[in-house]
Structure formats: structure tokens, C-alpha cells
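Tertiary structure, described
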Amino acid sequence: MKLIVANLFRVTALVVLLILLFRTEWLSFLLVPLTSNNAPAVYAQNSLPALAAAHLYLVAISIAGSAVLAILGGIFVTRKSGEDFLPLSRAIANAGQTFPPVAVLALAVPATGFGAGPTLIALFLYGLLPIFENTVSGLRQVSPSVLDAADGMGMNATQRLFRVELPLALPLILEGLKVATVINIGTATIGSTVAAKGLGEVIIAGLISDNTAFILQGGLIVGLMAVLIYDAMGLIESTITRRMGLRAA
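Structural notes, computed from the coordinates. Just so it is clear, the structure is predicted and the values come from calculations on it, not from any experiment.

This part covers the nonpolar core. Core analysis: the biggest nonpolar cluster contains 38 residues, and Leu-17, Tyr-43, Leu-48, Phe-132, Leu-199 and Ile-221 have the highest contact counts within it. When contributions to this core are tallied by element, the ones reaching two or more residues are helix H1 (2-22), helix H3 (48-77), helix H4 (86-98), helix H6 (116-140), helix H8 (157-187), helix H9 (200-209) and helix H10 (212-243). Among the elements that take part in this core, H3 stands out by supplying nine residues, more than any other. Residues within four places of Ile-221 in sequence aside, it is in contact with Leu-17, Leu-20, Leu-21, Leu-48 and Leu-199.

Encoded structure:
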């Protein structure tokens, strides 16, 4: 029963998202009451699918960069040679979350100009913390007895890391990636304030023109994308960990 409900929710959310992206006019009867002074109910200044694709592109690039640095950092500080750098690394990762993205954009614009550059920097910083912390937690939770067994089998440090530690830490690392991705899907909307292409353009257009219909369209598309992508990443995580024998079938 739970599986049926979950699949029904997924299908419904996907159908609504596709309608919002490709056939928003079908929902105009719901959006018109949210407008005033005969303002348009459907955002048509730019292609919504193109804005969604640009939005996801920013998220994908920033998450890829965050993942590389955060996972490498997590590995480094869990080795004996890097233990002393854990507090500093954690402070840097935390700074990315505590520093307001608007401030990051304001500081980055003079250096990189308007467009995708400042947004990528802000999203990159925002994605570091959950991936870094989950990598550290995942590697630290590996049982000492398992590590001793790996050493007893004659594995060197590199073999032990790639054959034992990272596979066992994988579920937590993937969870960090999921959380960071959802955070960045929502945060990426602010990139439109510095001329980055994305769905924030729809929301900002609604705010400027006092058009609630535009705000609702942009917000719903971003929210549905975040929910569906998080769910899809969860299914991928379950499949990978099950095949690796880290989770019961």
C-alpha cells in the first residue's frame, strides 16, 4: 500500500511539473484569480523548459565541484596525516552555509561579472557542508575490526580506502549529496538577481510586477523539481547500496 501511494505521488508530481513547464496555459483558470489589472497569468517572457534546464545546469556544475572538494577533504581529515586539519576544514565548510548567498553574490560580481559565475560560487560554497560532514561521518563509522581485517589481508592504505572504507561510507556520502542538491535547487533561484539564467527569473518577475501567478509558477516548478530529484537520487542510492550488499533487498 505504501509503495502504491509513493508511486502515485511520484506520477502526480511529475505530471504537474510537466504541465507547468510545457502546458502552463492548461492551468490558467487557476492562475488568473491570482493576477490583477488584467496582468498575464502565464509567464511567457522566456521558455520555462529552457529556464529549468539552465537552473539544473547551475546546480549540477556546482554540486560536482562541491562533491570533489568535500569528499577529498573528508578523506584527508580522516587520515592520521590530516586529523589536525579537521577543525579548520569544518570551519571552512560551515562558513559556506553561514555566509548569506546574497553576500556571496555581491562579493563575487566585481571579480567575475554578472551571469552564472557568482551564482556558481555561491552554490559551490553552499554544497560543501552536507557532503563534507557526511563523508567524515561515513568514514569514521567504519568498524575498527573491519579495518583490522583489511590490514590482516595485506591491503595497503589506498586499497583499504577504496575497497573497504569508501564503499561502507557510501550511503552517508550519497545522503549528503542528496541534501546538498536539494539545498542548491532552492538557492539557485537567487542567481537571477545577478542575471544568471534560471527559474528565479520567473519568481523575480512576479515580485517586480506584483504578480502572484508568476511567483506561484516559479515556486512550484522549483519545489517539484527538488522533490522529484531528491526522490530519484534516493532510488539510485538504494539500488547502488543494495547491489553492493550494504542494504537488505
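That was the structure; now back to the text.
Here we come to the side chain of Thr-35. By the secondary structure assignment, Thr-35 is in the loop between helix H2 (28-31) and H3. Overall, Thr-35 belongs to the buried group, its relative accessible area being 18%. Not counting residues within four places of it along the chain, the set of residues in contact with Thr-35 comprises Pro-40, Ala-41, Asn-211 and Ala-213.

Contact geometry of H9 with H10 gives a least axis separation of 7 Å together with a crossing angle of 160°. With respect to H10, the element H9 is oriented roughly antiparallel. Here H9 runs over H10; the crossing is left-handed. Where H9 abuts H10, its residues Val-202, Ile-203, Ala-205, Gly-206, Leu-207 and Ser-209 lie against Phe-214, Ile-215, Gln-217, Gly-218 and Gly-219. Of the residues in the contact of H9 with H10, the class split is six nonpolar, five polar and no charged.

A word on the pattern of salt bridges. Applying the stated criterion to the full structure yields eight salt bridges. In this structure, Glu-165 engages Arg-79 in a salt bridge whose closest nitrogen and oxygen atoms are separated by 2.9 Å. On the criterion of sequence distance, the pair formed by Glu-165 in helix H8 and Arg-79 in the loop between H3 and H4 is long-range, its members being 86 residues apart. Between Lys-178 and Glu-175 there is a salt bridge whose closest N-O contact spans 3.0 Å. Taken together, the residues span about one helical turn, with Lys-178 and Glu-175 both in helix H8 at a distance of three residues. Looking at Glu-175, the relative accessible area reads 24%, which means it is partly exposed. Taken together, the shared-partner salt bridges in this structure form one network comprising Arg-79, Asp-151, Arg-160 and Glu-165.

Conventions adopted
- Residues numbered from 1 in each chain as written.
- Predicted model: local features only at pLDDT ≥ 70, side-chain atom pairs only at ≥ 80, totals over all residues.
- Heavy atoms only, no water.
- Core = buried A, V, L, I, M, F, W, Y, C linked by side-chain atoms within 4.5 Å.
- Buried < 20%, exposed > 50% of the residue type's maximum accessible area, 1.4 Å probe, protein only.
- Helix = DSSP H or I, 4+ residues; strand = E, 2+ residues; numbered from the N terminus.
- Contact = heavy atoms within 4.5 Å.
- Axes fitted to C-alpha atoms, helices over the stretch in contact; angles between N-to-C directions.
- Parallel < 35°, antiparallel > 145°, perpendicular 65-115°, else oblique.
- Left-handed = near helix turned anticlockwise from the far one by under 90°.
- Nonpolar A, V, L, I, M, F, W, Y, C, P; charged D, E, K, R; others polar.
- Salt bridge = Lys/Arg side-chain N within 4 Å of Asp/Glu carboxyl O.

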